[in-house]
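# Topology and contacts: notes
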Amino acid sequence: MAFFEPIGACVLALACMAPAQPAESTFQLTSHDTRGRIGTVSLTCEPTGGSHPGRGGACAKLSEVDGEFDRLRPEPRACTLEYAPVDVSAVGKWRGEPVTYRTSYANRCVADAESAGVFTF
């Protein structure tokens, strides 16, 4: 029996060395415009879920910038010059790290384009 003890310990040690799953990324996203419309959705990435209507695309865009909302690459889109501010916020975690993001956009079209669709809901 003494022969198998080191083997058993080795097997247990290897099981403990399996790669850890990345911490879940979850957000509460909110938008508020000058017409008094307030929208809020949940977004979960890794695995993808939540109530965001475009959660797969939103998670893909956030993965490209490692969860840094201010680094999202705008999508090309023609928007009017109408000034109807939209305030957006994201509160949650990206791979276990706390995230708080707030910004304003000139209008809903600009918010959708500049956030690469993350705030499209």
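Residues numbered from 1 in each chain as written. Predicted model: local features only at pLDDT ≥ 70, side-chain atom pairs only at ≥ 80, totals over all residues. Heavy atoms only, no water.

Labelled according to an unreviewed UniProt entry, the chain appears under the name SSI family serine proteinase inhibitor, originating from Amycolatopsis coloradensis.

## Considering the overall build of the chain
The following threshold applies: Secondary structure counts use DSSP, requiring at least four H or I residues in a row for a helix and at least two E residues in a row for a strand, with both numbered from the N terminus. Only protein chains enter the area calculation, which uses a 1.4 Å probe; residues under 20% of their type maximum are buried, those over 50% are exposed, and those in between are partly exposed. We call two residues contacting when some pair of their heavy atoms lies within 4.5 Å.
Helices and strands together make up the secondary structure of the chain, namely three helices and four strands. The helix and strand sequence of the chain, counted from the amino end, reads α-β-β-α-β-β-α. Expressed as a percentage of the 121 residues in the chain, the buried residues total 31%. Sequence-distant contacts in the chain: of pairs separated by 6 or more residues, those separated by 24 or more amount to 51%.

## Some points on the confidence of the model for the chain
Detailed reading of the predicted coordinates is not advisable wherever pLDDT is low. As a reminder, the rule being used: For every residue, the predictor states its confidence as a pLDDT score lying anywhere from 0 to 100.
Put simply, the chain has an average pLDDT of 88, and 81% of its residues get 70 or more. Residue range residues 10-15 is modelled with pLDDT below 50. Its contacts to residues more than four positions away, or to other chains, number zero contacts.

## Let's talk about the state of the cysteines
Operational definition: The term disulfide is used for any two cysteine sulfur atoms that are within 2.5 Å.
Per the stated rule, a full pass over the model turns up two disulfides. At a sulfur-sulfur separation of 2.0 Å, the disulfide partner of Cys45 is Cys59. With the S-S bond torsion at -90°, the cross-link from Cys45 to Cys59 turns out left-handed. You can see Cys45 sitting in strand S2 (residues 38-45) and its partner Cys59 sitting in helix H2 (residues 55-64), a full 14 residues away along the chain. For Cys45, a relative accessible area of 1% puts it in the buried group. Cysteine pairing for the chain, with bonded cysteines counted in sequence order: 1-2, 3-4.

## Digging into the environment of Cys79
Inspection of the secondary structure puts Cys79 in the loop between H2 and strand S3 (86-94). The exposure class assigned to Cys79 is partly exposed, which follows from its relative accessible area of 26%. The spatial distance from the C-alpha of Cys79 to the C-alpha of Val110 is 6.3 Å, given a sequence separation of 31 residues. With residues up to four places along the chain from it excluded, the contact list for Cys79 reads Cys109 and Val110.

## Regarding the pairing of strand S4 (residues 97-105)
Applicable threshold: Two strands are counted as paired when DSSP detects at least two bridges linking them.
Two elements, S3 and S4, share nine bridges in a ladder whose sense is antiparallel. Across the sheet, Val86 pairs through a bridge with Tyr105, a residue of S4. Taken together, S3 and the strand that follows it, S4, pair antiparallel across an intervening segment of two residues, in which Arg95 is found at a positive phi of about 50°.

## What to know about the nonpolar core
What counts, and what does not: Side-chain atoms within 4.5 Å link the members of a nonpolar core, which is a set of buried Ala, Val, Leu, Ile, Met, Phe, Trp, Tyr and Cys residues.
Of all hydrophobic cores here, the largest spans 21 residues; its most connected members are Phe27, Leu29, Leu43, Leu62, Phe69, Val118 and Phe119. Where this core is concerned, the elements lending two or more residues are strand S1 (25-33), S2, H2, S3 and S4. Sort the elements by how many residues they give to this core and S3 lands first, with four residues. Once you skip the residues sitting within four places of it in the chain, Leu43 turns out to touch Ser25, Thr26, Phe27, Leu29, Gly49, His52, Arg55, Ala58, Cys59 and Leu62.

## Concerning unusual backbone geometry
Glu46 connects to Pro47 through a cis peptide bond whose omega is 10°. Residue position: Pro47 is located in the loop between S2 and H2. Unusually for a residue other than glycine, Arg95 sits at a positive phi of about 50°. Within the element layout of this structure, Arg95 appears in the loop between S3 and S4.

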